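So the chains spell out like this:
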Amino acid sequence: MKLVRWGLDGREKPGILDQNGAIRDLSSVIPDISHSVLSDSGLDALRRLNLAPLPVVPAETRLGVPFAGTGKIIAIGLNYADHAEEAGLKPPAEPIVFQKATSSLCGPTDSLEIPRGSLKTDWEIELGVVIGRRAKYIAEAEALDYVAGYCTTNDVSERHLQTERGGQWTKGKSHDTFCPVGPWLVTRDEVPDPQGLSLWCDVDGHRYQNGTTARMIFGVAHIIAYLSQMMTLLPGDLIVTGTPPGVGMGIKPEPVFLKPGQIVTCEVVGLGAQRHLTVSA
């Protein structure tokens, strides 16, 4: 299934794509796509629905983050060896873990804000993983059973704040709109191998990133199991799993960063594409 949330920012309603790609309104069936709906039983109930009687949502309707109730956004740094190389860093021996503020979440076509005074706002296409049930001290072999679904994400980063202002990376990762998600939450049954997905990112039509999740240092199952040893993962939690090479800070001979008035498009193939206009905050 491909689940969406549609409508005005802060007033989104639940929806689902039908076999023709039209969005059907689920608001008469469920209040939102949140914790109980993300469970295996909740998703199974949606699979049994007859979508034909449900209203069709107009195609031009804004889409928001395709799930609700996110308690935390956990991100993995330098998770592609070739990205670590372009950053001039050694591939990590264990996953590098940081967090993004939940206030950074935004929809797949919302404007992307360039922070005030920023000269180093950068793009990072990433596979997003949404947790469907409570995970604590789980084994890697069972980790994917705890996934509700997958989504396209962009771990937008302000590099000056991230690396030149001291402290943790979270400073440069948490501005409003720095975590676009969607357009869809694609349930895990439609993604049999999360390590076999292509992903790309363009700025003003120029392709900077073109990678595959097969090049991850730490795969999705390993990441989930690893995190569950250190914190309890809850339904709605979002894990962003790292980016392939081609980010702005790695461009030679001079880095390239975002400025207002540009178009950023990105996609994890099969999970839907995003399109953002960059604007001044």
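Structure: see above.
Summary of the structure given here.

Cut-off values and rules
- Residues numbered from 1 in each chain as written.
- Predicted model: local features only at pLDDT ≥ 70, side-chain atom pairs only at ≥ 80, totals over all residues.
- Heavy atoms only, no water.
- Salt bridge = Lys/Arg side-chain N within 4 Å of Asp/Glu carboxyl O.
- Helix = DSSP H or I, 4+ residues; strand = E, 2+ residues; numbered from the N terminus.
- Buried < 20%, exposed > 50% of the residue type's maximum accessible area, 1.4 Å probe, protein only.
- Pairing = 2+ DSSP bridges.
- Axes fitted to C-alpha atoms, helices over the stretch in contact; angles between N-to-C directions.
- Arc of directions from axis to C-beta.
- Polar contact = N/O pair within 3.5 Å; in protein donor to acceptor, adjacent residues only side chain to side chain.
- Contact = heavy atoms within 4.5 Å.

**What about the pattern of salt bridges?**
- Considering all chains together, one arrives at 19 salt bridges under this definition.
- For the salt bridge of Arg47 with Asp44, the shortest nitrogen-to-oxygen distance reads 2.7 Å. Residue Arg47 and its partner Asp44 are located together in helix α1 (residues 40–47), separated by 3 residues, close to a single helical turn.
- Note on Arg47: relative accessible area 37%, which makes it partly exposed.
- Owing to a relative accessible area of 34%, Asp44 belongs among the partly exposed residues under this scheme.
- Here Asp202 and Arg207 are joined by a salt bridge, their closest N and O atoms 2.7 Å apart.
- Look at Arg207 and you get partly exposed, because its relative accessible area is 40%.
- Several salt bridges share partner residues, and in doing so they unite Arg5, Asp9, Glu12, Asp32, Arg62 and Asp110 into one network.

**Quick look at the sheet that holds strand β17 (residues 263–268)**
- In spatial order, the strands read β7-β18-β17-β14-β15; together these 5 strands make up an open sheet with mixed pairing. Taken across any chain shown, the strands that pair with only one partner, and hence form the sheet edges, are β7 (112–114) and β15 (206–212). Each adjacent strand pair in this sheet contributes to an overall mean axis angle of 20 degrees, direction not counted.
- Where strand β14 (residues 198–203) meets β15, 6 bridges bridge the pair, whose relative direction is antiparallel. What sits directly across from Ser198, in β15, is Thr212.

**Considering α1**
- What α1 keeps buried is the set Gly42, Leu43 and Leu46. Here the buried residues of α1 occupy an arc of 95 degrees about the axis, which is enough to place them on one side.

**Here we look at the side chain of Glu12**
- With respect to the element layout, Glu12 can be found in the loop between β1 (2–6) and β2 (13–17).
- At a separation of 3.0 Å, a polar atom in the side chain of Glu12 contacts the side chain of Arg62.
- Discounting residues that sit within four places of it in the chain, Glu12 has contacts with Arg5, Trp6, Gly7, Arg62 and Gly64.

**Remarks on the sheet that holds strand β13 (residues 185–187)**
- On the basis of which strands lie adjacent, the open sheet formed by 9 strands has the order β3-β2-β1-β13-β10-β9-β16-β4-β5 and mixed pairing. Because the sheet does not close on itself, it has two edges, and the strands there are β3 (23–25) and β5 (96–100). Strand-to-strand, the axes of this sheet are offset by a mean angle of 30 degrees, without reference to chain direction.
- Where β2 and β3 come together, 3 bridges link them in antiparallel fashion. Paired with Leu17 across the two strands is Ile23, which belongs to β3.
- Most of the contacts of helix α4 (residues 220–228) go to strand β9 (residues 125–131), to which it runs at about 55 degrees, and overall it touches β4 (73–77), β5, β9, β10 (147–154) and β16 (238–240).

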